Amino acid sequence: MREGATVAGHRLTGRTRRSEVGTWADAVSPDGRPSGALLFDPPAVATAGARERLVATVGADVRLQSGGPIGLLPVIDLVAARDEVWLITTRATPAVADLMAAGRLDPGGAATVLLETAQALLTVHAAGAAHGALHAGTIVIGEDGSVLLAERGLLRALRGEHASAEQDVAAWAALAGALAANCGQGHAAAALRHASAAAAHGLAAARDTLLAERDAFPGVGREGLAHAAHGLSAPASPDLPIGPAAALAAGSSGGEAVTLLDLPDAADGPGDVMMRFGPGVPTETTAAQIWRAGQTSASITATQTRGPAPRRRRRRSTAWAGTLLLAILIAAVILWLRQTPGAPLAVSDVDVKAPKKTVRCDGQADFVGVVTTNGEAGSIRYLWIRSDGRKPLEGEQRTSSGDTSVDLPLHWKVTGAGSFKGTATLRVLSPTTSGKPIQDKASFTYKC
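What counts, and at which threshold
Residues numbered from 1 in each chain as written. Predicted model: local features only at pLDDT ≥ 70, side-chain atom pairs only at ≥ 80, totals over all residues. Heavy atoms only, no water. Helix = DSSP H or I, 4+ residues; strand = E, 2+ residues; numbered from the N terminus. Contact = heavy atoms within 4.5 Å. Areas by Shrake-Rupley, 256 points an atom, 1.4 Å probe, with all protein chains shown as cover. Core = buried A, V, L, I, M, F, W, Y, C linked by side-chain atoms within 4.5 Å. Buried < 20%, exposed > 50% of the residue type's maximum accessible area, 1.4 Å probe, protein only. Pairing = 2+ DSSP bridges. Disulfide = S-S within 2.5 Å. Axes fitted to C-alpha atoms, helices over the stretch in contact; angles between N-to-C directions. Parallel < 35°, antiparallel > 145°, perpendicular 65-115°, else oblique. Left-handed = near helix turned anticlockwise from the far one by under 90°. Nonpolar A, V, L, I, M, F, W, Y, C, P; charged D, E, K, R; others polar. Expected span 1.5 Å × (residues − 1). Salt bridge = Lys/Arg side-chain N within 4 Å of Asp/Glu carboxyl O.

**Quick look at the overall build of the protein chain**
Stage number 1. For the protein chain, the helix and strand inventory stands at 11 helices and 17 strands.
Stage number 2. For the protein chain, the share of sequence-separated contacts (at least 6 apart) that also reach a separation of at least 24 residues comes to 67%.
Stage number 3. When the accessible surface of the protein chain is summed, it comes to about 21800 Å², and 53% of that surface belongs to carbon and sulfur atoms.

**Overview of the nonpolar core**
One recurring pattern in soluble globular proteins is that nonpolar side chains are buried together.
Stage number 1. Counting 45 residues, the largest nonpolar core has Val113, Trp172 and Leu192 as the members making the most contacts within it.
Stage number 2. In terms of residues, this core owes the most to one element, helix H3 (residues 107-126), which gives nine residues.
Stage number 3. Among all residues touching Trp172, those that are not within four sequence positions of it are Leu114, Thr117, Ala118, Leu121, Leu134, Ala195, Ser196, Ala199, Leu203, Ala206 and Leu210.
Stage number 4. Counting 27 residues, the second-largest nonpolar core is a separate cluster that includes Trp24, Val55, Val58 and Val62.

**Some words on the pairing of strand E5 (residues 75-81)**
The two faces of the sheet receive side chains in turn, since in a regular strand these alternate between them.
Stage number 1. Across the seven residues that make up E5, a large majority, six, are buried.
Stage number 2. Where E5 folds back on strand E6 (residues 84-90), the antiparallel hairpin that results is connected by two residues, among which Arg82 adopts a positive phi of roughly 55 degrees.
Stage number 3. Where E5 meets strand E9 (residues 258-259), two bridges bridge the pair, whose relative direction is antiparallel. Paired with Val79 across the two strands is Thr259, which belongs to E9.

**Focus on the state of the cysteines**
Stage number 1. Counted according to the given criterion, the structure contains one disulfide.
Stage number 2. Linked covalently through their sulfurs, Cys361 and Cys448 form a disulfide whose S-S length is 1.9 Å. Handedness here is read from the sign of the S-S torsion; for Cys361 and Cys448, about 105 degrees, the answer is right-handed. Note that Cys361 is positioned in the loop between strand E11 (347-353) and strand E12 (364-373) and Cys448 in the segment after strand E17 (438-447), a separation of 87 residues in sequence.
Stage number 3. Assessed through its relative accessible area of 43%, Cys361 is described here as partly exposed.
Stage number 4. Looking at Cys448, the relative accessible area reads 41%, which means it is partly exposed.

**Focus: the sheet that holds E12**
Stage number 1. As summarised here, the arrangement of the three strands in space is E11-E12-E15, forming an open sheet in which the pairing is antiparallel. Two strands close off the open sheet at either side, each with one partner strand: E11 and strand E15 (405-413). Neighbour-to-neighbour, the strand axes of the sheet open up by a mean angle of 20 degrees, direction not taken into account.
Stage number 2. Pairing geometry for E11 and E12, over six bridges, is antiparallel. For Val350, the partnering residue across the bridge sits in E12 and is Val371.

**Here we look at unusual backbone geometry**
Stage number 1. Put simply, Thr93 and Pro94 share a cis peptide bond, and its omega is 0 degrees.
Stage number 2. By the secondary structure assignment, Pro94 is in the loop between E6 and helix H2 (96-101).
Stage number 3. Following Ser430, the chain continues into Pro431 via a peptide bond in cis, with omega recorded as -5 degrees.
Stage number 4. Structurally, Pro431 is set in the loop between strand E16 (419-430) and E17.
Stage number 5. Its identity as a non-glycine residue notwithstanding, Glu151 has a phi of 60 degrees, on the positive side.
Stage number 6. Within the element layout of this structure, Glu151 appears in the loop between strand E8 (147-149) and helix H4 (154-159).
Stage number 7. One non-glycine residue with positive phi stands out, namely Asp362, at about 55 degrees.
Stage number 8. Among the structural elements, Asp362 can be located in the loop between E11 and E12.
Stage number 9. Under the relative-accessibility criterion, Asp362 is labelled partly exposed at 43%.

**Remarks on the packing of H3 against helix H7 (residues 203-212)**
Each pair of packed helices gets described by two things: the angle between the helix axes and the distance between those axes.
Stage number 1. At a closest axis distance of 10 Å, the pairing of H3 and H7 adopts a crossing angle of 155 degrees. Taken together, the axis directions place H3 and H7 in an arrangement best described as roughly antiparallel. In this structure, H3 meets H7 at a crossing whose hand is left-handed. Listed contacts from H7 to Ala111, Leu114, Leu115, Ala118, Gln119, Leu121, Leu122 and His125 of H3 are Leu203, Ala204, Arg207, Leu210 and Leu211.
Stage number 2. When its residues are assigned to classes, the contact of H3 with H7 shows 10 nonpolar, two polar and one charged.

**Notes on helix H6 (residues 187-198)**
Structural remark: α-helix, 3.6 residues per turn; residues separated by three or four positions point the same way.
Stage number 1. Its 12 residues give H6 an end-to-end C-alpha distance of 16 Å, which sits within 8% of 16 Å, the value for a rise of 1.5 Å per residue.
Stage number 2. Those residues of H6 that fall on the buried side of the exposure criterion are Ala188, Ala189, Ala191, Leu192, Ala195, Ser196 and Ala198.

**Regarding the pattern of salt bridges**
Stage number 1. For the coordinates displayed, the defined rule picks out nine salt bridges.
Stage number 2. A salt bridge links Arg222 to Asp144, with the shortest nitrogen-to-oxygen separation between them at 3.8 Å. Within this pair, whereas Arg222 is found in helix H8 (residues 222-229), its partner Asp144 is found in the loop between strand E7 (139-141) and E8, the two being separated by 78 residues in sequence.
Stage number 3. Judged by relative accessible area, Asp144 falls into the partly exposed class, the value being 46%.
Stage number 4. Residue Arg207 is joined to Asp208 by a salt bridge in which the shortest nitrogen-to-oxygen separation is 3.3 Å.

As structure tokens, then:
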């Protein structure tokens with residue numbers, strides 16, 4: 001990644017950092033604001049399934065943010081160039097991991113990170129989504145000291161895995177433990193450890209534990225975190241390999257960015273982001289069709305001033321583009337007409353399995369709900385209901401065509417002395433063959 005190259009109009013600064021899904025680069029937007037560009041590792045986006053899941057996940061983030069800030073790193077666009085795929089966001093540095101490595105994260109900053117992260121996750125979970133890869137490297141600090149979740153759902157989407165709220169809660173608890181260790185000894189570290197343990201009862205309980213011990217964290221709040229993050233960014237990495245599109249950026253003027261999202265314009269209502277990648281849909285966007293055909297154009301262009309093209313060349317380009325678009329649409333319609341519409345997804349059976357052995361002191365009961373379907377693609381809406389009176393856990397699981405069995409896990413953490421029998425019920429709300437919710441339940445025994 002060379003300094004001065006541009007991605008969809010965003011000029012790269014040459015400062016980069018690695019992540020689990022690719023390489024982040026600091027950038028500057030066309031209007032001069034700090035931005036971020038994530039280049040996905042080519043093997044991760046090599047298959048059509050991975051690309052489609054990625055588009056769906058990023059589109060879901062755009063919809064989540066359409067109602068206002070919710071603690072996610074704002075997405076600007078998702079673009080493709082040849083075999084390269086880039087996510088464009090607002091500034092994506094520094095990460096909490098960078099602050100920890102630089103020794104700039106004090107107890108007040110650690111508490112702020114945990115409080116805002118917990119609140120953001122609660123909002124995301126309430127919307128039926130999850131992060132799936134939460135740690136100090138996927139939490140970034142805004143210029144105002146705000147704490148933002150980056151890479152939400154990306155790793156799981158590329159792997160074809162489901163991101164669950166339970167995974168996020170466990171990851172948050174681990175993060176709280178790591179921040180406690182980073183704070184050394186004392187009241188603040190103990191309070192962070194208490195919050196980590198409280199996460200066993202949910203993120204709301206963990207957040208409230210931190211708030212109750214606010215006196216242990218001098219300097220808590222965004223102001224101190226903004227000061228700590230000021231001037232800290234990813235280190236320059238000029239020796240990273242440069243892909244074909246990046247090489248084009250450094251020395252050519254050809255190619256334009258191909259967006260993979262239908263972003264709403266001023267006439268659209270909030271949340272009207274559409275991703276038409278489903279089979280048999282004749283109205284796919286040009287970007288979707290080009291991606292399916294493996295013919296994405298170069299996304300990255302050289303940083304140079306270009307005058308207006310001659311009118312004759314512009315007309316010729318417009319006519320060529322119109323002819324190509326018409327040919328793609330005709331081919332898509334023919335393909336659609338030849339396909340037989342698939343049946344909708346339907347759930348026919350639910351079987352809940354509980355631990356056979358007695359759960360001992362401070363143990364965990366691991367339930368698995370096995371859901372039988374007709375093998376069609378779609379989404380399953382469900383509730384996990386616990387007999388201890390906790391708020392039911394509502395979730396949604398996407399299935400792929402050919403999957404006739406889906407596992408939905410529930411992890412029930414138990415602490416304290418005593419004994420009791422716990423029962424968990426998995427209720428599938430939709431879609432079911434009868435049109436009505438179906439459910440099954442199982443029980444475990446706890447003794448301490």
